[in-house]
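# Close look at the chain arrangement
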Amino acid sequence: MERRTFLTRSMSAAAGAVALSGGAAPAQASSSPSPVAPAAGSHPHYTVNRAPLQQEPFLRLPPGSITPKGWLRTQLDLQLDGLTGRMPEVSDYLDEKTSGWAVPERDGWEELPYWLRGFGDLGYVTQDSRTLELTRAWIDRILATRQPDGFFGPSGLRTSLNGGPDFWPYMPVLDALRTWHEYSGDDRVVPTLTGWLKFLHAQPGTLFGQGWGSARVGDTIDTAYWLYNRTGDDWLLDLVRAMHTHSADYTHTIPTWHNVNLAQGFREPAQYGVLAGDPSFLVATHRVYDTVMGSYGQFPGGGFAADENARPGYHDPRQGFETCGIVEYMHSHQILTRITGDTLWADRCEDLALNMLPAAFDPEQKGTHYVTAANSIQLDNVAKSHGQFNNSFAMQAYMPGIHQYRCCPHNYGMGWPYYAEEMWLASVDGGLCASLYAESSVRAKVGDGTTVTVTERTDYPFDDTVTLTVSTPRAVHFPLYLRVPGWCEEPSVRLGGRPVPVRRSGGHLVLDRRWHDRDQIVLRLPMRTTVRTWSSNENSVSIYHGPVNYSLRIEEEWQQSGGSSAWPEYEVRPASPWNYALELDRHDPARSFTVERTRARAANPFTHSGTPVLMRAKGRRLTGWRSDDQDVVAPLQQSPARTTEPVERLTLIPAAAARLRITSFPTASTSGRAFEWAAVTASFSGVDSPQALLMNADVEPSTSYDQAIPRFTWWDRTGTEEWVRYGYAEPVRVDTVSVYWYDDTGHGACRVPESWRLEYLAADGQWHPVDGAPDYGIATDRFNQVSFPTVTTTALRITARLRSGFSGGVLAWRTQPNGPRA
């Protein structure tokens, strides 16, 4: 199915809106006031919110103000010579002769807007002349399509959404036009944006409740504020009110479970609150974030489990997060950092950038993939047909993917440029804020209007020291805000080699003083190793040192599977074991890990050979943890996992350097009270994986037709004898099993079986039925329990005779007392 058609269907088929009530995960909204309190006589030097909009503590600096260096500049240079920078070579959506964004009578949708948004900013932060020239050329083409009524771009978009205009693909175009204006001062942009928003204002309010734009309307609200701050036109605020009223409601519900919709849309209440002046809207944004992450974000990296849509039961770290979702989530966190001044959002942006984004594309950025997962042990170009992922098309191999992945190759380019542009912010009191740390310099107006340059030298996030040097033509008084990451407990600041008084304001250290040329500040953010336990994901653990999450180093076998020498397509397979459980010090888990610095001097730290740091750890093989028959890692089972395999010395590397990755680990135990892990296989699995039985370990199905949890079926086998099996690395003692049958009477062709039996693998290597003439129940809507004299075995098997003309399946299969949690 063509991707655009599929996504439209998936959006409507996703779980319905979920009301948010007092029972939802608590919001973590900061109770502290804004860190910026303008002193008498101070004033900002950049565009601020006009009344009645609430003042935002931090402001974006004009594009080109920040010059990234070090590893970040390397990522941007790779992007220039990679997919974003050379996209016109591979994407037919960017042909100026056929794109509706240049030739209105031709077709056009989101692809060119997505690309141009990141491509232009890539030019502004690198000052690459070729990129700047092509950006100007496309801006000229787009502006030339403007019509008298304010409409511009592909004419077909006037009527493509239920007979009316599709306003979604304009959102990234508006961003591109805004940043071009900020960079160049092009006086055509403000009239064009005014005309387009007037065109929208003339539409019925119901327009904003339709299509992708409904779930992402916060982007247009952001543009309306930007324009209002420059023109003062009150009708723009009426437009914002109409968009908020009629669009997807994130204030009281979660209206969509589509990953990119959520990544963009969850911030809309906070954005609307800038106009409404009601703090409950910010609380709503926190509540949506906390609910989504509490249910589906229980693993490292900052993303959530939604390999298209988040689905009940599919919260394991093997589930992916779309590349579009990564960069859009980062952008949302950046916007919220400026709106609120709360460093929590910058921490979250940093988590995504430093631990997930680099793994979304190959090290040369010649290709990307559709989803990145916290646990992923093979990246192949093979569709997964057993329901492991929400999408059934192949989406893991690295490739330009212009038509396979479509949105992501065009959209990923905003990730690093936007990150670079948000490292430094202006403060509303005429100061500067170091919000995200990386080697760079910034040139900005401060205090009385003096233009200063601050040069930042650091190996952060691989080192804890940030050195800032001020260059100013004369002494000038202004506040400097330094973000303290949430993981840092004891930051310190020295000026000229000596301790200096600082004010702590929320998550910032503030140096409000008179600055002189060559003043040098040394900020230390002492890093420590921490072990995080994910109780809602089977007590798995993840390892951090400072902001960096660590992954098992799996030797990667890269194989070109298609493409060309200029634009290769790669599959990546494991060339070393990956199924380890970590040995942890019971009293102090962090003592189980040792940080080592390497001799790597490569500019790209997001590769095995280029990483400047690694960790040493200990672990044991967990042979019951395997991949399924389509090479997808099996879901986690409960920790601690029982294994008597020998202890091995393991190497962990930054997760962003690991394309094959285990970042959520089981813990190991030799105790008989630990959990025996099962490997599950079946005689046949056509569309529903037997891995569902592991995923439903603690689930209580509501009925035999429960559609809110994963299921295993033998579909489309009918009337046959089929089996599903648990296998154990070491013998287990079992005397009871419980089976909850799947039955979709009235909806499909699965029924409880005609009959079934339980068998165990005996010491003679043969399968034997359990003794005791048990009652093999086939009741629906409940567990059917079978008890029998205790058997000791390394495998159990349910063998079912399916009814004539029907298939069958299982929602949950549990063994007691020492079997798998499934």
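None of these values were measured; they are calculated from a predicted model. (Residues numbered from 1 in each chain as written. Predicted model: local features only at pLDDT ≥ 70, side-chain atom pairs only at ≥ 80, totals over all residues. Heavy atoms only, no water.)

### Side note on unusual backbone geometry
- Looking along the chain, the bond that leaves Tyr460 and enters Pro461 is cis, with omega of 15°.
- Omega for the peptide link from Ser639 to Pro640 comes to 5°, which places this bond in the cis form.
- Although it is not a glycine, Asn162 adopts a positive phi angle of roughly 55°.
- In this structure, Asn162 sits in the loop between helix H4 (129–143) and helix H5 (170–184).
- Take Asn162: its relative accessible area is 66%, and that puts it in the exposed class.
- Phi is positive for Asp631, which is not a glycine, with a value near 65°.
- If you trace the backbone, Asp631 turns up in the loop between strand E26 (613–621) and strand E27 (641–642).
- Exposure remark for Asp631: the relative accessible area of 33% places this residue in the partly exposed category. (Helix = DSSP H or I, 4+ residues; strand = E, 2+ residues; numbered from the N terminus. Buried < 20%, exposed > 50% of the residue type's maximum accessible area, 1.4 Å probe, protein only.)

### What to know about the packing of helix H13 (residues 323–340) against helix H14 (residues 343–355)
- In the contact formed by H13 and H14, the axes pass within 8 Å of each other and the chain directions differ by 160°. Here H13 lies roughly antiparallel to H14, going by the angle between them. Here H13 and H14 pass one another in a crossing that is left-handed. Of H14, the residues touching H13 (which contributes Ile326, Tyr329, Met330, His333, Gln334, Leu336, Thr337 and Thr340) are Trp345, Ala346, Arg348, Cys349, Leu352 and Ala353.
- Its residues assigned to classes, the contact of H13 with H14 shows nine nonpolar, four polar and one charged. (Axes fitted to C-alpha atoms, helices over the stretch in contact; angles between N-to-C directions. Parallel < 35°, antiparallel > 145°, perpendicular 65-115°, else oblique. Left-handed = near helix turned anticlockwise from the far one by under 90°. Contact = heavy atoms within 4.5 Å. Nonpolar A, V, L, I, M, F, W, Y, C, P; charged D, E, K, R; others polar.)

### A closer look at the packing of aromatic side chains
- The full count for this structure, using the stated rule, is 45 aromatic pairs.
- Residues Tyr170 and Trp196 carry aromatic rings whose centres are separated by 3.9 Å and whose planes lie at 20° to one another, so their mutual orientation is stacked. Placement of Tyr170 in helix H5 and of Trp196 in helix H6 (residues 189–201) is noted, with a sequence separation of 26 residues between them.
- Aromatic side chains Phe304 and Tyr329 sit 5.4 Å apart centroid to centroid with 75° between the ring planes, which places their arrangement in the edge-to-face category. (Phe/Tyr/Trp six-rings, centres within 6.5 Å; stacked < 30°, edge-to-face > 60°.)

### Considering the pairing of strand E34 (residues 755–761)
- Buried residues dominate E34, accounting for five of its seven residues.
- Across six bridges, E34 lies against strand E36 (residues 784–801) in antiparallel orientation. Paired with Glu759 across the bridge in E36 is Arg797. (Pairing = 2+ DSSP bridges.)

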